[in-house]
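Each chain is listed here by its residues.
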Amino acid sequence: MALQTNDFPKHGFRKKIYFTLFLLGTTLFAHSQNVNEKEKITAHKTNSTINIDGILNDPIWQKTPLTNQLCDENGQYNNTAAWFAYDADNLYAGLICKVNNTSKLNTKLLDRDNQFMLRNDWVAFCVDTYHDGIKAYAFLVDAAGNELDGSLNPPTRDLSFSFSSKWTSAIKRNQDGYTVEMKIPLENLPVRWNKDSVTMAIQIIRYDKQNNRMVQWPATKDIGKFQTIVLHGINQTHPQNLSGVNLEDRLAYKKSKIDVTTLLGRCQGGDASVMDYLLFKKRDISGAEHPRSFITICKQKRLTEYLKTLRISKI
């Protein structure tokens, strides 16, 4: 199993993690565009404001849940209920997550998109906005309210954390476990828009840490199955790019996590990518107290010799 929920490496994560079980065989989802009409679900549309507070007391959540039966290779799982709704501009998910012992639920708050939250009890809402099986977007929330999002990229079964979108969630702890609400604006997602109706596909995933089970809906042994849904009367979206990644937001987020006042801080903040150069272009900074050896090598004009030690013959 590529996704390990108990023993993550201590020295950081790769930007891409093989999420084999989490993606639940997404490559199998590359199915035909000609979906049987009986397989489609017309989702609940609301014209009322949904208050994202983690309490499922809004009128839309009083309707019949999308599902209260998830499934894995061991069979049905009944400790989660899920609702899905939408309006002209947003997708909404409401979830009830029951646990054996609430005192064992994580309470530690993490930075947004911190992958350590995958060690906790969490739930995910996944949506394939094009309904083509090529890319989907995952929005995860754990029992402490930590958030993480990413894009699912078959056929490598890879969850790329380069995707980051503005969305809102809230959780509420109770005697049985916790409840979750999510609000995901459509404006930041690529949508194959039609004025009459839009077809997408969704999947719900829950990681029950205490029972060590990762379960999904649709509840089927076809672990790559997404549920086809039809939305009516949504507003046309104009994302800045079809990757679903807002580069300005991503740059601002990265800048907030880096000490830009020293070279060492910049080196520790991330790789020397194009985004770094765009972010720190012509910035005046002071030297670090203990600069990295690579910086020292560059200053001493020994870069060629150093690169040779890395088996690089040309610069």
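About the cut-offs
Residues numbered from 1 in each chain as written. Predicted model: local features only at pLDDT ≥ 70, side-chain atom pairs only at ≥ 80, totals over all residues. Heavy atoms only, no water. Helix = DSSP H or I, 4+ residues; strand = E, 2+ residues; numbered from the N terminus. Contact = heavy atoms within 4.5 Å. Buried < 20%, exposed > 50% of the residue type's maximum accessible area, 1.4 Å probe, protein only. Pairing = 2+ DSSP bridges. pLDDT = per-residue confidence, 0-100. Salt bridge = Lys/Arg side-chain N within 4 Å of Asp/Glu carboxyl O.

Topic: the overall build of the protein
A tally of regular secondary structure across the protein gives 6 helices and 16 strands. Residue pairs in contact within the protein that sit at least 24 positions apart in sequence constitute 67% of those at least 6 positions apart.

Brief notes about the pairing of strand 13 (residues 177–185)
Most of strand 13 sits out of view: 8 of its 9 residues are buried. By the bridge criterion, 9 bridges tie strand 7 (residues 90–98) to strand 13 in an arrangement that is antiparallel. Note that in strand 13 the partner of Gly-94 across the bridge is Glu-181. Bridge count between strand 12 (residues 168–173) and strand 13: 6 bridges; the pairing is antiparallel. Bridge assignment links Ser-169 to a residue of strand 13, and that residue is Met-182. Between the end of strand 12 and the start of strand 13, which pair antiparallel, lie 3 residues.

Focus: the sheet that holds strand 13
An order of 3-6-7-13-12 is seen for the 5 strands of this open sheet, with the pairing classed as mixed. Looking at which strands have only one partner, the edges of the open sheet turn out to be strand 3 (44–45) and strand 12.

Concerning the environment of Pro-65
Secondary-structure assignment places Pro-65 in the loop between strand 3 and strand 4 (70–72). Separated by 16 residues in sequence, Pro-65 and Ala-81 place their C-alpha atoms 6.8 Å apart.

Some details on the confidence of the model for the protein
Per-residue pLDDT for the protein averages 75, and the proportion of residues at 70 or more is 60%. Low confidence marks residues 1–35, where pLDDT is under 50. Its contacts with residues over four positions away, or in another chain, come to 86 contacts. In the predicted structure, residues 280–288 sits below a pLDDT of 50 and forms 17 contacts with residues beyond four places in sequence or in another chain.

Observations concerning the pattern of salt bridges
Note that side chains of opposite charge can pair when their charged atoms are close. Under the definition given, this model contains 6 salt bridges. When the shortest N-O distance is used, the salt bridge between Arg-213 and Asp-72 registers 2.8 Å. Taken together, the positions of Arg-213 in strand 15 (residues 213–217) and Asp-72 in strand 4 put the pair 141 residues apart, joining distant regions of the chain. Owing to a relative accessible area of 18%, Arg-213 belongs among the buried residues under this scheme. Looking at Asp-72, the relative accessible area reads 7%, which means it is buried. Connected through salt bridges with shared partners, the residues Arg-112, Asp-113, Glu-147 and Asp-149 form a single ionic network.

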